Amino acid sequence: MPAQPDGETPPADGSLPPQVAGGAADRSLSLYVHVPYCRTRCGYCDFNTYTVTELGPGASRSDYRATVAAELDLSLGVMGRAQLEPRAVSTIFFGGGTPTMLDAQELAGVLGDIRERFELDSAAEVTTEANPDTLSPAYVRALADAGFTRVSLGMQSAVPHVLRTLDRTHEAERIPEVVQWIKDAGLDVSLDLIYGTPGESLTDWHTSVEAALACRPDHISAYSLIVEPGTRMGVQVRRGELPMPDEDDLADKYELAEALLASAGFGWYEVSNWAIDEKHRCEHNLAYWRNADWWGYGPGAHSHIGGVRFWNAKHPRAWSDRLRAGRSPAVGREVLDDTTREIERLLLGARIHRGLLLDSLPESSAGLIREFQDSGLLDPAEADAGFWTPTLQGRLLADHMVRRLTDFVI
Amino acid sequence: MAPQVSDSAASRIAVAATPPELIRNFCIIAHIDHGKSTLADRMLQVTGVVQPRDMRAQYLDRMDIERERGITIKSQAVRMPWAVGDTPYALNMIDTPGHVDFTYEVSRSLAACEGALLLVDAAQGIEAQTLANLYLALENDLAIIPVLNKIDLPAAQPEKYAEELANLIGTDPDDCLRVSGKTGEGVEAVLDRLIAEVPAPEGDPEAPARAMIFDSVYDTYRGVVTYVRVVDGQLSPRDKVTMMSTQTSHELLEIGVSSPEPAPSKGLGVGEVGYLITGVKDVRQSRVGDTVTTTRNGATEALGGYRDPKPMVFSGLFPIDGSDFPVLRDALDKLKLNDAALVYEPETSVALGFGFRCGYLGLLHLEIVRERLEREFNLDLISTAPSVVYQVTMEDGTEHEVTNPSEFPDGKVREVREPMVRATVLTPSDFVGTVMELCQSKRGQMLGMDYLSEDRVELRYRLPLAEIVFDFFDQLKSRTKGYASLDYDNDGEQTANLVRVDILLHGDPVDAFSSIVHREKAYSYGVMMVGKLKELIPRQQFEVPIQAAIGSRIIARETVRAIRKDVLSKCYGGDISRKRKLLEKQKEGKKRMKMVGSVEVPQEAFIAALSTDAPTSDKK
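Cut-off values and rules
Residues numbered from 1 in each chain as written. Chains lettered and ligands numbered in written order. Predicted model: local features only at pLDDT ≥ 70, side-chain atom pairs only at ≥ 80, totals over all residues. UniProt positions renumbered as here; feature names shortened; annotations may be inferred. Helix = DSSP H or I, 4+ residues; strand = E, 2+ residues; numbered from the N terminus. Buried ≥ 20, exposed ≤ 12 C-beta atoms within 10 Å, placed from the backbone. Contact = placed C-beta atoms within 7 Å. Axes fitted to C-alpha atoms, helices over the stretch in contact; angles between N-to-C directions. Parallel < 35°, antiparallel > 145°, perpendicular 65-115°, else oblique. Nonpolar A, V, L, I, M, F, W, Y, C, P; charged D, E, K, R; others polar. Pairing = 2+ DSSP bridges. Left-handed = near helix turned anticlockwise from the far one by under 90°. pLDDT = per-residue confidence, 0-100. Expected span 1.5 Å × (residues − 1). Bend = angle between axes of the 7 residues up to and from the residue.

Chain B carries the name Elongation factor 4 in an unreviewed UniProt entry, which gives Brevibacterium daeguense as its organism. We quote the UniProt Subcellular location (unreviewed entry) comment for chain B here in full: "Cell membrane". Annotation of chain B in UniProt includes, under Catalytic activity (unreviewed entry), the sentence "GTP + H2O = GDP + phosphate + H(+)".

You'll find chain A entered in an unreviewed UniProt entry as Heme chaperone HemW, with Brevibacterium daeguense given as the organism. Chain A has a UniProt comment under Subcellular location (unreviewed entry) that states "Cytoplasm". Note on chain A: under the UniProt heading Sequence similarities (unreviewed entry), the record states "Belongs to the anaerobic coproporphyrinogen-III oxidase family. HemW subfamily."

Have a look at this one:
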């Protein structure tokens with residue numbers, strides 16, 4: 001994971017400024033739990049993850065649940081002191097790392113700890129990320145019994161040489177079976193794919209998307225590989241041992257994915273995410289993109305409450321030491337002003353299907369909206385209906401569109 | 001104890017009262033790095049004018065840039081006492097600039113002397129610039145004393161290079177002095193030899209005063225300090241003086257000698273070297289080569305040899321941050337005070353905004369000015385490719401002087417004339433073939449070739465200056481593994497088949513990239529430039545053709561394909577702050593983009609396109 005952003009130092013008890021309570025009733029509340037353990041570290045991965053499970057008191061896997069519980073208590077105190085009325089939680093997401101590195105009982109236990117302290121919305125979405133080779137039918141059933149509703153499975157690719165380059169240890173053939181266990185347990189399932197791995201041909205990518213579709217998941221995310229500096233893959237690319245992903249190749253693969261997914265009945269709702277229907281969209285991710293309130297637990301986790309972004313100490317030891325000392329694990333925060341919040345609204349909304357209402361945009365941007373339609377970046381029929389919906393070409397140039405659009409704010 | 005001048009003898013060489021026969025004026029001709037400053041410092045020490053504890057390495061090179069580059073830009077004169085037997089002498093050491101761009105300044109320094117030390121590194125032998133300055137000294141009838149320096153180096157080959165020097169000046173190899181500026185060995189012998197061999201100055205003490213300006217330096221506190229060599233008569237503190245080229249008169253606020261710190265004196269007599277301060281604030285009012293006389297009973301005829309400094313190389317200077325334009329203007333105004341050769345006028349470029357078209361004596365001068373602007377005034381600058389001055393005659397007889405390629409006239413051209421130089425290249429004989437090839441590819445005309453010694457050759461060529469300012473020097477160095485050296489001097493002009501090649505981005509010409517090249521090279525130049533720009537211009541939302549054209553005829557084309565993907569696929573909760581900051585950074589970056597028509601071109605692309613082949617002069 002790259003270094004945390006620059007920000008101010010939050011108070012030791014994690015207190016939030018009073019303005020976060022404003023308008024809270026109109027915002028949903030989501031929770032994120034970061035599980036920082038992995039069996040092996042993949043060469044491309046820049047997430048905050050550790051292969052050593054004995055990280056010391058409070059931070060090692062066996063103490064993890066208790067430390068998260070302490071953080072849950074702390075968050076309740078902070079929200080209470082900020083006069084935030086208790087709200088039912090609409091989504092929970094366990095990410096990592098590999099949450100399924102925890103025993104099913106532990107993972108279920110953390111969810112139980114949450115339910116002891118928070119009311120969950122009756123239709124709450126509760127997702128965990130999972131590695132195919134950490135799951136078993138019993139494990140999946142235990143998740144369902146504990147109240148999980150959804151599994152996001154790190155399939156990445158169906159092509160062995162691609163998986164090897166990504167350092168993924170699972171066997172591609174195993175995916176359909178694992179998906180079936182999840183479905184049998186009554187859970188929703190997303191397959192997560194990566195395209196643009198060095199050495200991956202267009203045919204390889206075609207194979208992977210088809211293989212994913214053959215499993216009949218209800219959701220697919222496809223992320224282009226980003227070579228991050230500081231990862232093993234980043235070093236290999238810098239040394240010329242692996243080629244840097246080519247932007248045109250990535251564009252080809254994105255277009256191919258859209259074509260295959262659309263013909264299988266999937267609709268995009270965010271540049272990297274497709275769902276079989278509206279109710280299978282990932283509500284948790286949508287909460288990020290709609291600037292809902294969300295609290296992140298675990299080392300390095302980020303939170304956003306009422307226009308304040310804050311983030312925890314990155315290392316599990318630093319995170320747990322703070323909590324054991326009765327302090328907030330948050331080490332940095334940003335209190336966003338109105339302009340910044342507006343920029344974030346635009347930059348997040350622009351990536352989403354109907355992500356912005358055109359009449360919520362600055363009036364001076366009307367010419368730009370027309371230009372985007374004329375140049376094929378915005379869907380004109382959607383625009384006529386008052387929605388910002390980028391075309392396929394527009395999705396590929398979303399950052400460009402955001403730069404232009406935010407010119408009217410800053 | 002060294003033969004320093006005793007207190008009793010010192011009165012015989014008092015400033016303003018020293019008989020010419022006790023004066024010796026000399027300079028040191030040497031290549032950069034051959035140890036001139038070290039030897040000069042050593043002389044200051046041996047003669048006792050600088051105490052060892054005050055010794056700063058290379059006392060005479062004052063500006064930082066000079067010290068870092070190991071070159072002398074501005075000369076100074078130092079008066080040193082030295083005794084031979086019982087007779088005290090005043091030695092004036094006149095420092096000379098060491099580079100081709102300052103040939104005229106060198107010639108004036110030489111004209112102020114009767115003798116020169118020809119100082120050559122005993123491990124490297126003579127270099128082209130040294131040779132050129134030696135020829136200048138011989139033309140001025142100076143007594144030449146050959147000196148091999150750095151004899152302490154293990155790689156020194158004094159016998160070999162003594163032979164070479166002896167051949168050049170027609171003397172016996174045994175007459176070459178051998179010194180080490182570093183250890184001080186042989187330095188006293190040099191001083192004795194100067195007194196024995198350099199003629200005493202001659203002049204008429206009764207005639208109206210005439211003194212030649214050989215240097216003029218702007219000092220923040222004192223205004224312009226003018227260094228002169230008195231030829232006839234006497235200058236006294238109460239005199240009012242006249243600069244003969246401009247006929248302007250000034251009060252003398254101070255007159256004195258440097259030893260090496262300035263010390264006011266009762267005046268300067270025949271043959272003496274010293275400084276004048278008149279309160280003028282601009283070196284243009286006190287020009288190198290001009291004659292100073294007294295306003296009352298002054299001379300009517302100036303000393304010969306004065307020349308107006310004439311810029312030979314032009315380039316545009318633009319601030320990278322457009323709001324720095326006023327800073328650049330003030331900075332140039334300040335530099336001008338100390339640089340009579342620098343000329344500039346405002347220029348507007350479609351691509352680069354507001355800046356100045358600047359004229360320089362040559363490439364080193366250009367680099368020094370640019371570096372001083374960046375360093376002393378904290379400016380970030382883009383400089384356009386250097387250009388020479390073309391004279392263009394149209395079919396209808398109108399004449400244009402073109403210093404900026406984008407101003408090269410369209411329409412029916414009858415004739416274009418370009419400035420020429422006479423170039424001397426010294427190279428080890430192994431590289432003669434490749435150097436000749438290079439000179440020919442640069443439209444050179446061979447004038448002659450001589451073996452200085454068995455393995456060193458002097459090649460003389462007539463070349464267009466435009467070819468030299470392009471990338472000649474870099475190529476010469478790379479083809480000869482750095483061994484060849486180059487000197488050149490102006491040599492009139494020639495007519496040539498020259499055309500203007502424009503570079504178009506998406507159909508719009510980019511003025512900063514226009515260039516005047518020989519018709520036969522237009523195609524390869526065009527291909528090279530569009531190829532380079534293709535790598536430098538980021539992909540845009542639309543396809544961008546890059547074309548090279550002569551008039552309306554396209555001679556080369558490349559295409560920057562439209563960008564297809566500009567989106568980061570990942571945007572989890574923890575990425576949002578980072579993503580927003582990236583957006584802010586990209587917006588900052590966009591401010592540094594220049595719009596050429598509808599094409600966004602990063603500043604870096606301009607800098608890279610204009611600088612990769614930009615010449616680098618001898619920075620060694």
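That covers the picture; the talk isn't over yet.
Engineer: Got a minute to help me understand the overall build of chain B in this structure?
Structural biologist: Within chain B, the regular secondary structure consists of 14 helices and 31 strands. Counting every position in chain B, which comprises 620 residues, the buried fraction comes to 50%. Across chain B, contacts joining residues at least 24 apart in sequence account for 71% of those joining residues at least 6 apart.

Engineer: Hey, could you run me through the overall build of chain A in this one?
Structural biologist: The number of helices and strands found in chain A is 15 helices and 14 strands. Partitioning the intrachain contacts of chain A with sequence separation of at least 6 by distance along the chain shows that 74% fall at a separation of at least 24.

Engineer: Would you mind going over unusual backbone geometry with me for this structure?
Structural biologist: For residues that are not glycine, phi is negative in most cases, and the peptide bond is trans in most cases. Residue G96(A) is joined to G97(A) through a cis peptide bond whose omega torsion reads 15°. One can find G97(A) in the loop between strand 2 (89-96) and helix 2 (104-117). With omega at -10°, the peptide bond leading from S259(B) into P260(B) counts as cis. Its place among the elements puts P260(B) in the loop between strand 11 (254-258) and strand 12 (262-264).

Engineer: Got a minute to help me understand the packing of helix 2 (residues 36-46) of chain B against helix 7 (residues 187-197) of chain B in this structure?
Structural biologist: What describes two packed helices is the angle between their axes and the distance between those same axes. Residues and elements named next belong to chain B. Put simply, helix 2 and helix 7 touch, their axes get as near as 10 Å, and they point 85° apart. When the interaxial angle is binned, helix 2 and helix 7 end up roughly perpendicular. Side by side, helix 2 and helix 7 meet where R42, M43 and V46 of the first sit next to V187, E188 and L191 of the second. For the contact of helix 2 with helix 7, the class distribution of residues is 4 nonpolar, no polar and 2 charged.

Engineer: Looking at this structure, how should I read the sheet that holds strand 17 (residues 353-360) of chain B?
Structural biologist: Two strands in a sheet stick together by hydrogen bonds in their backbones, pointing the same way (parallel) or opposite ways (antiparallel). Residue and element names in this part refer to chain B. Pairing in this open sheet of 4 strands is antiparallel, and the strands run 16-17-15-18 from one edge to the other. Bordering the open sheet on either side are strand 16 (343-349) and strand 18 (381-383), each of which pairs with just one other strand. Across the sheet, the mean angle from the axis of one strand to that of its neighbour is 30°, orientation sign disregarded. Summarising the sheet, strand 15 (residues 313-319) and strand 17 pair through 5 bridges and their orientation is antiparallel. Bridge pairing in strand 17 places L317 opposite F356.

Engineer: Sorry, what's going on with the packing of helix 2 of chain A against helix 3 (residues 137-146) of chain A here?
Structural biologist: Residues and elements named next belong to chain A. Where helix 2 contacts helix 3, the two axes come as close as 9 Å, and the packing angle between them is 15°. Between helix 2 and helix 3, the angle is such that the two are roughly parallel. When you trace helix 2 past helix 3, the crossing you get is right-handed. Where helix 2 approaches helix 3, its residues A104, A108, L111 and G112 are matched on the opposing element by Y139, A142, L143 and A146.

Engineer: In this structure, what is going on with the interface of chain B and chain A? I would like to understand it.
Structural biologist: Many descriptions give the size of an interface as the accessible area lost when the pieces come together. In this complex, chain B contributes 21 residues to the contact, which on the side of chain A involves 34 residues. Taken together, the residues of the side of chain B that touches chain A sort by class into 6 nonpolar, 6 polar and 9 charged.

Engineer: How should the pairing of strand 4 (residues 150-156) of chain A be read in this particular structure?
Structural biologist: In the case of a regular strand, side chains alternate between the two sheet surfaces. Residues and elements named next belong to chain A. Counting buried positions along strand 4 gives 7 out of 7 residues, so the element sits mostly inside the fold. Burial along strand 4 is two-sided: R150, S152, G154 and Q156 and V151, L153 and M155, pointing in opposite directions, are all buried. In this structure, strand 3 (residues 120-130) lies alongside strand 4, joined through 4 bridges in parallel fashion. Of the residues in strand 4, the one forming a bridge with T128 is V151.

Engineer: Just to check I follow, could you spell out the UniProt feature "binding site: GTP" (unreviewed entry) in chain B for this structure?
Structural biologist: All names here are of chain B. Residues annotated by UniProt as "binding site: GTP" (unreviewed entry) correspond here to D33, H34, G35, K36, S37, T38, N149, K150, I151 and D152. Assessed through the 18 C-beta atoms surrounding it within 10 Å, D33 is described here as partly exposed. You can see N149 is positioned in strand 5 (residues 143-149). A residue is classified by how many C-beta atoms lie within 10 Å of it, and N149, with 30 of them, is buried.

Engineer: Looking at this structure, how should I read the pairing of strand 21 (residues 413-428) of chain B?
Structural biologist: Residues and elements named next belong to chain B. Strand direction decides the pairing type here: strand 19 (residues 390-394) and strand 21, joined by 4 bridges, are antiparallel. Residue pairing in the sheet places T393 in a bridge with E415 of strand 21. Two elements, strand 21 and strand 24 (residues 485-495), share 9 bridges in a ladder whose sense is antiparallel. Directly across from A423, in strand 24, lies its bridge partner Y488. The pairing of strand 21 with strand 23 (residues 456-464) spans 9 bridges and is classified as antiparallel.

Engineer: Mind showing me how you'd approach the confidence of the model for chain B here?
Structural biologist: Detailed reading of the predicted model is not advised wherever pLDDT is low. Residues and elements named next belong to chain B. In this model, chain B carries a mean pLDDT of 87, and residues with pLDDT of at least 70 account for 93%. In this model, residues 65-75 is a region of pLDDT below 50 whose contacts with residues beyond four sequence positions or in other chains number 30 contacts. For this predicted complex, the interface score ipTM comes out at 0.90, while the overall pTM is 0.68.

Engineer: What exactly am I supposed to notice about the environment of Y218(B) here?
Structural biologist: All names here are of chain B. With respect to the helices, strands and loops of the structure, Y218 is situated in strand 7 (residues 210-219). Along the chain, Y218 and V280 lie 62 residues apart, while their C-alpha atoms are 9.1 Å from each other. Those residues in contact with Y218 that lie beyond four places of it in its chain are V224, V283, L337 and N338.

Engineer: Would you take a moment to explain the environment of D41(B) for this structure?
Structural biologist: Residue and element names in this part refer to chain B. Positionally, D41 belongs in helix 2. According to the C-beta neighbour criterion, D41 is buried, with 21 such atoms within 10 Å. In this structure the C-alpha to C-alpha distance between D41 and G184, which are 143 residues apart in sequence, comes to 9.9 Å.

Engineer: It is not clear to me how the sheet that holds strand 5 of chain B should be interpreted in this structure. Could you clarify?
Structural biologist: Sheet architecture is open: 6 strands sit in the order 2-3-1-4-5-6 (chain B), paired in mixed fashion. The sheet is open, and its two edges are formed by strand 2 (77-84) and strand 6 (177-178) of chain B, each paired on a single side.

Engineer: Help me understand helix 11 (residues 465-479) of chain B in this model?
Structural biologist: Counting along an α-helix, one turn takes 3.6 residues, and residues three or four places apart therefore face a common direction. All names here are of chain B. Compared with an ideal rise of 1.5 Å per residue, which puts 15 residues at 21 Å, helix 11 spans 20 Å between its outermost C-alpha atoms and is within 8% of the ideal. The largest bend in helix 11 is about 65°, located at D471. Looking at the packing, one finds that the buried side of helix 11 touches strand 15, helix 9 (363-376), strand 21, helix 10 (432-441), strand 23 and strand 24. A positive backbone phi angle near 55° is found at K481, which sits one or two residues after helix 11.

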